[in-house]
Amino acid sequence: MIDQENLIKLTRQLIRIPSENPPGNEYRIACFVKTFLADLGLKPKIYEFKKNRSNVVAILKGKDKNRSLLVTPHLDTVPAGRNWRFPPFAARLHNGRIYGRGASDDKGNLAVLLEVIKSLVEENQILSYNLILTATADEETGSTFGLIPLLDRGILKPQAALILDADEFKIIVVQKGLLHIKVRLKGKSAHGAYPWKGTNAIDLALEALSGIKSHKFSYKRNPFLRPPTINIGKIAGGDKVNMVADWCEFELDFRFLPGMSATRIIQDIRRAINNYTREFRVEIMAAQPPAQIDCRHPLVKYLKNSMAAHKIKPKISGCEGATVLSFFQRRNIPAVATGFSCSGCAHSSNEYIKVDYLYNGAKILEDFLKNFRFDKPL
């Protein structure tokens, strides 16, 4: 049985353990989670791929040892920042909300999972499958020391995954792909008083960016996502105001839809820049494919049923940003994301989570875990 007071206490304890990333140090909070699970009789392990970048993995054994469901929130948060109404690590309870860095992203969801595991153990509940609990490091800066090596090294080999990192009880079934691209253009230097004697790379960059922004990328609309986007995130060039700039570089953030090809996008960018100059170089800084799951998949079906059973209207949604969903899709592991955080709170000052969301989220998650089956999609 879910204990609301214990859930509140647990959420506040987690918030009071700083795990800001950067700089990145999840050791203390990982030890807290490990101790909590060990006290329940589980045998959790800590895995580190860099000192103090700690991940916790534990297994709640079920009836079918050949089937496993992974449930994963993350341990790290963004830096606390400034302009807080309450101290960011005080975990102040005020008017039905718990305030603090990580309250919504992602320590409230972590607390929900721990309280649900406690309830299942105390009830001697045996699930129909093995439940793999994984609280990961480094989610906020790319999962290099967290989920990626856990999957790459075969430490985690689930048949399906549920990511606890979303808000407002949404069920995330699709997300955009990501491309971060750096373009460096070459010009010809000259005295600033005689610009016609040189080739200004900044001018070339502005023209190329205009061409890229106006390019019509080919895509098929998705009912859960906005059209693909381009953001010019960074630009720099030139060495001195009275010199014609002989270099300029800019960085682009592309978010693209399922069905679009990253290779084709890069080719289109090259063609657009070629209209203005041949003296350029393109560097791929980061790339993640889109992720998508059939809305008829058992993960989605049972989540919808559990939410409806607790009078929460299921919200099938898409995610415009990049999450760890794509890491599972690369390995052909079906995955969805859900969570019980408050919209607009993640990464903000005065971050909070509602106690009602925690309590309802815990009841829904417990119901889902008890009823989930690896059946075929409807």
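In case you missed it, the structure is sitting above this.
A brief structural summary. (Residues numbered from 1 in each chain as written. Predicted model: local features only at pLDDT ≥ 70, side-chain atom pairs only at ≥ 80, totals over all residues. Heavy atoms only, no water.)

A word on the overall build of the protein. A count of helices and strands for the protein gives 9 helices and 16 strands. Oriented by its inertia axes, the alpha-carbon framework of the protein measures out at about 80 × 50 × 40 Å. Considering only residue pairs separated by 6 or more positions, the protein has 81% of its internal contacts joining residues 24 or more positions apart. Entry remark: accessible area of the protein is about 17700 Å², with carbon and sulfur atoms responsible for 48%. (Helix = DSSP H or I, 4+ residues; strand = E, 2+ residues; numbered from the N terminus. Contact = heavy atoms within 4.5 Å. Areas by Shrake-Rupley, 256 points an atom, 1.4 Å probe, with all protein chains shown as cover.)

In helix packing, the relevant descriptors are the interaxial angle and the interaxial distance, both defined with respect to the helix axes. Between helix H1 (residues 4-15) and helix H3 (residues 103-122), the shortest axis-to-axis distance is 9 Å and the interhelical angle comes to 135°. Relative to H3, the element H1 is oriented oblique. For the element pair H1 and H3, the recorded crossing hand is right-handed. Every residue of H3 that contacts H1 at Asn6, Leu7, Leu10, Thr11, Leu14 and Ile15 is listed here: Ala103, Lys107, Gly108, Leu110, Ala111, Val112, Leu114, Glu115 and Lys118. (Axes fitted to C-alpha atoms, helices over the stretch in contact; angles between N-to-C directions. Parallel < 35°, antiparallel > 145°, perpendicular 65-115°, else oblique. Left-handed = near helix turned anticlockwise from the far one by under 90°.)

Before going further, it helps to spend a moment on the pairing of strand E15 (residues 335-338). Residues of E15 alternate between two faces, with Ala335 and Ala337 on one and Val336 and Thr338 on the opposite face, all of them buried. By the bridge criterion, 4 bridges tie strand E7 (residues 160-164) to E15 in an arrangement that is parallel. Within the sheet, the bridge partner assigned to Leu162 lies in E15 and is Val336. Where strand E8 (residues 170-175) lies against E15, 2 bridges are found, and the strand directions are antiparallel. In the strand pairing of E15, Ile171 is matched with Thr338. (Buried < 20%, exposed > 50% of the residue type's maximum accessible area, 1.4 Å probe, protein only. Pairing = 2+ DSSP bridges.)

Turning our attention to the sheet that holds strand E9 (residues 177-186). Read from one edge of the open sheet, 4 strands run E10-E11-E9-E12, paired in antiparallel fashion. With one partner strand each, in any of the chains shown, strand E10 (229-237) and strand E12 (280-288) form the two edges of the open sheet. Taken pair by pair, the neighbouring strands of this sheet meet at an average axis angle of 15°, ignoring direction. One ladder, built from 8 bridges, connects E9 with E12; its direction is antiparallel. Bridge pairing links His180 to Ala286 in E12. Along the sheet face, helix H5 (residues 201-214) touches E9, E10 and strand E11 (247-256) and points at about 15° away from the line of E11. Where helix H6 (residues 262-274) meets the sheet, its contacts fall on E9, E11 and E12, and the angle it forms with E9 comes to roughly 25°.

Below, the discussion takes up the sheet that holds strand E5 (residues 97-99). What the 3 strands build is an open sheet, ordered E4-E5-E16; its pairing is antiparallel. Across the chains shown, the open sheet's two edge strands, defined by having one partner strand only, are strand E4 (93-94) and strand E16 (352-354). Of the strand pairs in this sheet, E5 and E16 are connected by 3 bridges, and their pairing is antiparallel. For Tyr99, the partnering residue across the bridge sits in E16 and is Tyr352. Along the sheet, H1 contacts E4, E5 and E16; its crossing angle with E5, the most-contacted strand, is approximately 15°.

Our next topic: the layout of surface pockets. The computed volume of the largest pocket comes to approximately 750 Å³. Around the largest pocket, the lining comprises 30 residues; the ones closest to its centre are Glu139, Asp165, Cys319, Ala322 and Thr323. Every element with two or more residues in the lining of the largest pocket is listed here: H3, E8 and strand E14 (315-319). (1 Å grid on protein atoms, 1.4 Å probe; cavity = no way out; pocket = protein on both sides within 12 Å on 5 of 7 lines; lining within 4 Å. Points joined across faces, edges and corners; volume = space filled by probe spheres on them.)

Once that is clear, we can look at unusual backbone geometry. Cis peptide bonds are those with omega within 30 degrees of zero, and the linkage from Pro22 to Pro23 qualifies with 10°. Of note, Pro23 is situated in the loop between H1 and helix H2 (27-39). Cis rather than trans, the peptide bond between Asp105 and Asp106 has omega equal to 20°. As for its placement among the helices and strands, Asp106 is situated in helix H3. For Ala91, which is not glycine, the phi torsion reads 55° and is therefore positive. Along the chain, the position of Ala91 falls in the loop between strand E3 (64-72) and E4. Unlike most non-glycine residues, Asp138 shows phi in positive territory, near 65°. Topologically, Asp138 is positioned in the loop between strand E6 (129-135) and helix H4 (147-152).

Moving on: the packing of aromatic side chains. According to the stated counting rule, one finds 11 aromatic pairs in the structure shown. Where Phe169 meets Phe340, the ring centres are 5.4 Å apart and the plane angle is 50°; that geometry is what we call tilted. A residue pair is termed long-range when its members are at least 10 positions apart, and Phe169 in the loop between E7 and E8 and Phe340 in the loop between E15 and E16 qualify at 171 residues. For the pair Phe169 and Phe340, one class covers both residues: buried. Relative to Phe374, the ring of Phe372 lies with its centre 4.9 Å away and its plane at 75°, an arrangement referred to as edge-to-face. For Phe372, a relative accessible area of 0% corresponds to the buried category. Classification of Phe374 as partly exposed rests on a relative accessible area of 21%. Chaining the aromatic ring pairs together yields one cluster made of Tyr129, Tyr302, Phe368, Phe372 and Phe374. The ring of Tyr352 has Arg97 lying over it, and the distance from NZ or CZ to the ring centre is 4.0 Å. (Phe/Tyr/Trp six-rings, centres within 6.5 Å; stacked < 30°, edge-to-face > 60°. Lys NZ or Arg CZ within 6 Å of the ring centre and 35° of its normal.)

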